[in-house]
Amino acid sequence: MESKRQILKQNLGLTVAILLTHVLEVATNDFQETSMGLQFSYIDEPRHHIRQRRADNTDLVVEIEIHASDISVINEMKIYLNKLIQNNNVTDNVALLNSNFTTVCNMLPGNTNYQCNCENQYFWPCDKCKKYGRCGSITNNTCSCINAFPNNGNFCQPIRDMTDATACHQRVITMSVEINATFDTSLTNLKHEKYKTKAQQIETAINKGFKSLSNYVDGSAKVTGFRSGSIIADFTINTISDSPDFTSANVSGLPLVQNAFSLTEETNFFNRSDKIYPKQNVTLYCPQSVKGQIMWKVNEKDPDSPKYSFGLGKSTLTVTNADVSDSGRYSCIIQTNSLPYIWWQNIFIEQEPSIMVGDNEQVYSCEDQTVQLKCCVNGDYSIEWVSQSNVQIPGSGCITVNHTIQKTNCNGGDYTCQLKDLPQLRDYSYSKRNVRVKIETEVSKFLCKNETFELGELNQITEKPCDAGKEGSIMYTCVPGGWNLTKNNCVVKAIKELQTRAQVLVVEKIPEFVEKLSFETKQFKTDIVESAATIQTVVEILTTVADISQNSTIHKPVIEDFLNTVEIITSDESKNKWTELNNGNVTEKNASSNLLQAIETISSHLSDVDFSITKPSIQLNRTITDDNSKNIDVNSHLENSTTGSEIRIPNVPKSTAITIIIFTKLDNVLPTRDTSNNDSKTSKNIINGNVVVVQVNQTIHNILFTFGTTNTSMKNPQSVFWDFSLDRWDSNGCKVKPFENKTVTCECDHTTSFSILMSPYAIDNIALAYITYIGVAISLASLILCLIIEAIVWKSVTRNDTSYVRHVSIVNIAVSLLIANICFIIGAAIADQEQTISVGRCSPVVFFMHFFYLAVFFWMFISALLLLYRTVMVFSQMSRTNMMVIAFTVGYCAPLLIAVITVASTSPTNYVSKENACWLNWFESKALLAFVIPALTIVAFNLIVLIVVLCKMVRRGVGAVTTSNERHTLVVIARCVAILTPIFGLTWGFGIGTMVSRDFGLHVVFAILNSFQGFFVLVFGILLDSKVRESLAGKLSLKNLSSSPTRSTNFGTSSTGGLGIIDWLRRRNVYNLSDPSPATSANSSSGSHLIPN
């Protein structure tokens, strides 16, 4: 053992000596030779070969041949050299970077012949294999061992240095590896830096991990492309074995998914030359050259739809009724012992042909004429007209056939437009369309007649093919005056084809696809902006692209092409078509919202780098904050904008990705419906500034917007965002600051798409404000004065039950109206402070307003009931206590019950109005009906009571024993009901009108009536009552307080200030009976009772 160590030390010492000697020669003599052979007569006859590795003579590869009598010497040398490599030096001037043992030759036991084996990653050139003969484990011409010791000093060569001339055999194997990372669309561009970096990273890791494979060609890994599904990298490697064993591979440095590697091979599951057409059944056959368990994938997903079925132990996959959406990458996966083996093929299903001929039966008049029948088909299909089995007109796109009508015979005809040269599709319904030409001799019943169209009856609808270059149909309706175009569904053919492609679009094809879309929309801009159907189709395509992009990272060229398309379909030329879409059916109405949603979706997946894009009407800024929080400020002054926008996001957290997109033309697209008006056609608001999309990958609670206004004459600015769930503008979370310098400043606590709505009909007239302020002040003062007067005269005016109930009603009306007006002032203050009404602050105010305004009406109802009771049921007597119980139950319990039910059924989101006023909600929950219905019902009832009472007064022979005081009280009650009921009813009738109309006159009338309600109660409920005036004068010792002279009649004391009609009714058809009881009125001329006849 000691002798072995001695030999090892001597050999290593010799190695160091050679290295040092060579370095000295290079340093002193500028030695330029590229190889050198040295021989030493030393123990076991070592031989050394040194060759220069780099031109600077400082990095050398030394080849050393060592003869040892024991193989263990070689193993110990490996260990020692590895230690030297780890220490990275031999002496101060020499560093040992790497060592490889290439060839080990052993003499066979009992034999004088050698066997020379190549170490890992080294092989014998093919000529040595042939000359000396191969030995050992050899497969597929692999030569890693020869049966001799080469006499010319050659050794095993690295695989990377072997060429086609020297290598025995190399095979290219295709593989894939799945990396757990988000797919970036830049990986589809071979020239992009991200592609190069990612490819190099993967190649390095694979070369390092596969190096341990015995037959792997070191450095041969080459990435050929990337696919989505996390990130799937397709790559090739070179081996010198048809079936390399990958079990020893160990790839590190990549975030791999489980079972990441697969062997892949493109194949033919069916005859590639055969096209697959819609509704056909397609059977795919998995190759059986590799044995194992079989499974199928369609676009990297399990085929679990009922249209897929398996056969022969899953070796076949059948697609039933195939269509375009079934196109994609089909994979047959066989699980082998080492790696899954994937056979795959991209399969494309042809677009379904759509043959358009118009109506199946077309009626023409019997006269000498030639009519043209038109047939169009989509895609690249060819079609032909066939009549009586004779092909007349073949062609593609649109073709016509002439049918001649002669007045002498009036013969019709049957025609068929069918697919040409596709007999295998004849049994499918889409392969042909039939047209019957019918001739009418009596045409008087037909309203529509012209040379181009067939005859038509009133309201008949006909369908015609589009012009060349477009796909779809045009709908016409027969109206007085002729055929009227009612619906144009024609779509530019190039856009329609892109829509078909979008059905099978995958992430890695997005860059190419959006580039094509941008090109086509620019190419056909004129046709697109004049076609609502084409615009809608473009939106559907953009939506598809945005949805697919959610599993990827979008880089700048993709979003730039995307915005190029958006700019075209939102231009001023398309405004009328967007109006048509927004006023159309549900699908069309959603087009504008879908476009904005697509923009938000794709902009939330941009790459994490700073960049900006500026178009004439669109500006995009992408910013990634650094490690420190900071403020983000973006200003816009776009070419096609007369106004600017400023966006400020303060205190943005570190490492935050922010995308801000400013649009100057989205006002052409988005409707103006909002929470106050869900119909764009009747909305008076307009979008009066830019639309700004803000996307942030973290929660932001404060964003400031400053919008320049497009139309400076607009008023009533609202800071709004587009609510996709409601499909309209909303202002929750946003508040507007004072409107100044022709700009509107908004503050919002969330991110989405923002703008400002303004109205040309804003009710901010200064006169209206003064009317309201003065009226409310007078009303409050009047109600307080009313209560004071009642307190002063209470005992003297409530001596009988009728008068008592009447004054209780007046007091409760005054109290309820006073509290309601105070709540009204509080609500107005809240509404002035906030653009979006605060539900928490506004709800209590609305509840009490609702309750007390209802109480006013219900106490008016009590007054009417009292009037009806004392007039109609004159002989019925009810105690004061019972009347009070009924009055307070009806006056307060009923309003309270209604108010509680309303808040319980609509709270918390739809109880109060969301803007303009702190009042019951109308547009979402119709909570306002809980006030309107009871109020207007009471108004109607009170008016009916008045009619009944008046009728009773004019009729003779019907009477009751009533005192003069009661007669007076009933007259006052009738006057109050007759005047206050219409006033209150009209007030809130106009109030409802102001909720749905911005007419200035309507607001003025409501302001006057609402503001002066308290004054009306004081005048008609208190001051016009002569007994109140007399009592008040007596209490205050002011005899002249009563402004009208009184007179004593058989009707009792009355006032000239009363209603003329009621006074007149009192004087007609009455007579006196003796009064068995003393009169209670001091002003009564006689003790008599009024008995209406």
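Because the structure is predicted, anything quoted here is derived from the model rather than measured.

Visitor: Quick one: what's the story with the state of the cysteines, residue by residue and with numbers?
Guide: With the rule as written, the count across this model stands at 10 disulfides. Between the sulfur of Cys 448 and that of Cys 478 lies a disulfide, 2.0 Å long from S to S. For the disulfide bridge between Cys 448 and Cys 478, the dihedral angle about the S-S bond is near 110°, and by the sign convention the bridge is right-handed. Here Cys 448 is found in the loop between strand E27 (432-440) and strand E28 (461-465), whereas its partner Cys 478 is found in strand E30 (residues 473-479), with 30 residues between them in sequence. For Cys 448, a relative accessible area of 0% puts it in the buried group. Residue Cys 478 is classed as buried on the basis of its relative accessible area of 0%. There is no disulfide at Cys 823, and the cysteine sulfur nearest it, in Cys 918, is 9.6 Å away.

Visitor: An account of the pairing of strand E18 (residues 328-335) is needed here, citing residue identities and associated values.
Guide: Across the eight residues of E18, seven count as buried, placing the element largely inside the fold. Two strands pair when backbone bridges link them, and strand E15 (residues 293-298) and E18 are joined in this way by six bridges, in the antiparallel orientation. Following the sheet pairing, Ile 294 is matched in E18 by Ile 334. As paired strands, E18 and strand E19 (residues 340-347) are joined by eight bridges and run antiparallel to one another. Bridging across to E19, Ser 331 finds its partner in Trp 344.

Visitor: Describe the environment of Thr 745, and please don't skip the residues or the numbers.
Guide: In this fold, Thr 745 is placed in strand E45 (residues 743-748). Put simply, Thr 745 and Pro 717 are 28 residues apart on the chain and 9.5 Å apart in space, counted from C-alpha to C-alpha. Setting aside chain neighbours within four positions, we find Thr 745 in contact with Phe 705, Thr 706, Ser 719, Lys 735, Val 736 and Lys 737.

Visitor: Describe helix H20 (residues 1013-1023), with residues and values.
Guide: Along H20, nine of the 11 residues are buried, which leaves the element largely enclosed by surrounding structure. Listed in full, the buried residues belonging to H20 are Gln 1013, Gly 1014, Phe 1016, Val 1017, Leu 1018, Val 1019, Phe 1020, Gly 1021 and Ile 1022.

Visitor: Describe in detail helix H6 (residues 510-523), supporting the description with residues and values.
Guide: If you check H6, its first and last C-alpha atoms are 20 Å apart, about what 14 residues at 1.5 Å a residue would give, namely 20 Å. Within H6, burial applies to Ile 510, Pro 511, Phe 513, Val 514, Leu 517, Ser 518, Glu 520 and Thr 521. In the core, the buried residues of H6 are packed alongside helix H5 (493-502), helix H7 (525-529), helix H8 (532-548) and helix H9 (556-569).

Visitor: Residues and numbers for the packing of H5 against H8, please.
Guide: Between H5 and H8, the shortest axis-to-axis distance is 10 Å and the interhelical angle comes to 25°. Here H8 runs roughly parallel to H5, going by the angle between their axes. Our pair here, H5 against H8, has a crossing hand that is left-handed. Across the interface between the two elements, Ile 495, Leu 498, Gln 499 and Ala 502 of H5 pack against Thr 534, Thr 537, Val 538, Glu 540, Ile 541, Thr 544 and Ile 548 of H8.

Visitor: Describe the confidence of the model for the protein chain, with residues and values.
Guide: Averaged over every residue, the pLDDT of the protein chain is 78; residues scoring 70 or more account for 77%. Here residues 19-55 is modelled with pLDDT under 50, and outside its nearest four sequence neighbours on either side it reaches 79 contacts, counting other chains as well. In the model, residues 1038-1093 has pLDDT below 50 throughout and makes 109 contacts with residues more than four positions away in sequence or in other chains.

Visitor: Pulling in residues and values, what's your account of the pairing of strand E11 (residues 222-228)?
Guide: Across the seven residues that make up E11, a large majority, five, are buried. The pairing of E11 with strand E12 (residues 231-239) spans six bridges and is classified as antiparallel. Each bridged residue has a counterpart across the sheet, and for Gly 225 the counterpart in E12 is Asp 234. The antiparallel pairing of E11 with E12 creates a hairpin that spans two residues between the two strands, and Gly 229 there sits at a positive phi of about 120°.

Visitor: Help me get a handle on the pattern of salt bridges, residues and values and all.
Guide: Tallying each qualifying case throughout the model produces 18 salt bridges. In this structure, Asp 302 engages Lys 297 in a salt bridge whose closest nitrogen and oxygen atoms are separated by 2.8 Å. In this structure, the salt-bridge partner of Lys 420 is Asp 421, at a minimum N-O distance of 2.9 Å. Here Asp 421 falls in the exposed class, since its relative accessible area comes to 57%. Each of Arg 227, Asp 234, Glu 300 and Arg 329 takes part in salt bridges that share partners, so that together they form one network.

Visitor: Could you give me a rundown of the packing of H9 against helix H12 (residues 591-603), with the residues and numbers involved?
Guide: H12 packs onto H9 with a crossing angle of 165° between their chain directions and a minimal axis gap of 12 Å. Between H9 and H12, the crossing angle belongs to the class labelled roughly antiparallel. Handedness of the crossing formed by H9 with H12: left-handed. Of the residues in H12, those touching H9 at Ile 559, Phe 562, Val 566 and Ile 569 are Leu 595, Ala 598, Ile 599 and Ile 602. For the contact of H9 with H12, a count of residues per class yields eight nonpolar, no polar and no charged.

Visitor: Tell me about the environment of Thr 625, and name the residues and values.
Guide: Considering the arrangement of structural elements, one finds Thr 625 in the loop between strand E35 (618-624) and strand E36 (630-636). In sequence terms Thr 625 and Asp 610 are 15 residues apart; their C-alpha atoms lie 9.1 Å from each other. Those residues in contact with Thr 625, other than ones at most four positions away along the chain, are Lys 630, Ile 632, Val 652, Pro 653, Lys 654, Ser 655 and Thr 656. A polar side-chain atom of Thr 625 sits 3.0 Å from the main-chain carbonyl oxygen of Pro 653.

Visitor: Now, about the environment of Asn 215: what can you tell me, with residues and values included?
Guide: You can see Asn 215 is positioned in the loop between helix H4 (193-210) and E11. Given the relative accessible area of 16%, Asn 215 is considered buried. In this structure, the C-alpha to C-alpha distance between Asn 215 and Ser 144, residues 71 residues apart in sequence, is 9.4 Å.

Visitor: Describe the sheet that holds strand E44 (residues 734-736), with residues and values.
Guide: In a beta sheet, neighbouring strands are held together by backbone hydrogen bonds and run either parallel or antiparallel to one another. Across the sheet, five strands lie side by side as E36-E37-E41-E45-E44; this open sheet has antiparallel pairing. Here the strands that pair on one side only, and so sit at the sheet edges, are E36 and E44. The mean angle between the axes of side-by-side strands here comes to 15°, regardless of whether they run parallel or antiparallel. Taken together, the six bridges between strand E41 (residues 703-708) and E45 define a ladder with antiparallel strand orientation. Each bridged residue has a counterpart across the sheet, and for Gly 708 the counterpart in E45 is Thr 743.

Visitor: So, unusual backbone geometry: which residues are in play, and what are the values?
Guide: Backbone geometry places Asn 321, a non-glycine residue, at a positive phi of 50°. For Asn 321, the position within the fold is in the loop between strand E17 (316-319) and E18. A positive phi angle, close to 65°, is found at Asp 421, a residue other than glycine. Its location among the elements puts Asp 421 in the loop between strand E26 (413-419) and E27.

Visitor: Quick one: what's the story with the packing of aromatic side chains, residue by residue and with numbers?
Guide: If you walk through the whole model with that rule in mind, you get 29 aromatic pairs. Between Tyr 428 and Tyr 430 the ring centres are 5.5 Å apart and the planes differ by 5°, which places this aromatic pair in the stacked class. Look at Tyr 430 and you get buried, because its relative accessible area is 2%. Between Phe 851 and Tyr 892, the aromatic rings sit 6.2 Å apart at their centres with planes inclined by 40°, giving tilted as the arrangement. One end of the pair, Phe 851, is in helix H15 (residues 839-872); the other, Tyr 892, is in helix H16 (residues 880-906), with 41 residues separating them in the sequence. Neither Phe 851 nor Tyr 892 differs from the other in exposure class; each is buried. Taken together through their ring pairs, the aromatic side chains of Phe 847, Phe 848, Phe 851, Phe 852, Trp 859, Phe 888 and Tyr 892 make up a single cluster.

Visitor: So what's going on with the side chain of Asn 564? Which residues, and what values?
Guide: Residue placement: Asn 564 occurs in helix H9. For Asn 564, a relative accessible area of 19% corresponds to the buried category. Those residues within four positions of Asn 564 in sequence are excluded, and the remaining contacts are Ser 518 and Lys 615.

Thresholds applied
- Residues numbered from 1 in each chain as written.
- Predicted model: local features only at pLDDT ≥ 70, side-chain atom pairs only at ≥ 80, totals over all residues.
- Heavy atoms only, no water.
- Disulfide = S-S within 2.5 Å.
- Helix = DSSP H or I, 4+ residues; strand = E, 2+ residues; numbered from the N terminus.
- Buried < 20%, exposed > 50% of the residue type's maximum accessible area, 1.4 Å probe, protein only.
- Pairing = 2+ DSSP bridges.
- Contact = heavy atoms within 4.5 Å.
- Expected span 1.5 Å × (residues − 1).
- Axes fitted to C-alpha atoms, helices over the stretch in contact; angles between N-to-C directions.
- Parallel < 35°, antiparallel > 145°, perpendicular 65-115°, else oblique.
- Left-handed = near helix turned anticlockwise from the far one by under 90°.
- pLDDT = per-residue confidence, 0-100.
- Salt bridge = Lys/Arg side-chain N within 4 Å of Asp/Glu carboxyl O.
- Nonpolar A, V, L, I, M, F, W, Y, C, P; charged D, E, K, R; others polar.
- Polar contact = N/O pair within 3.5 Å; in protein donor to acceptor, adjacent residues only side chain to side chain.
- Phe/Tyr/Trp six-rings, centres within 6.5 Å; stacked < 30°, edge-to-face > 60°.

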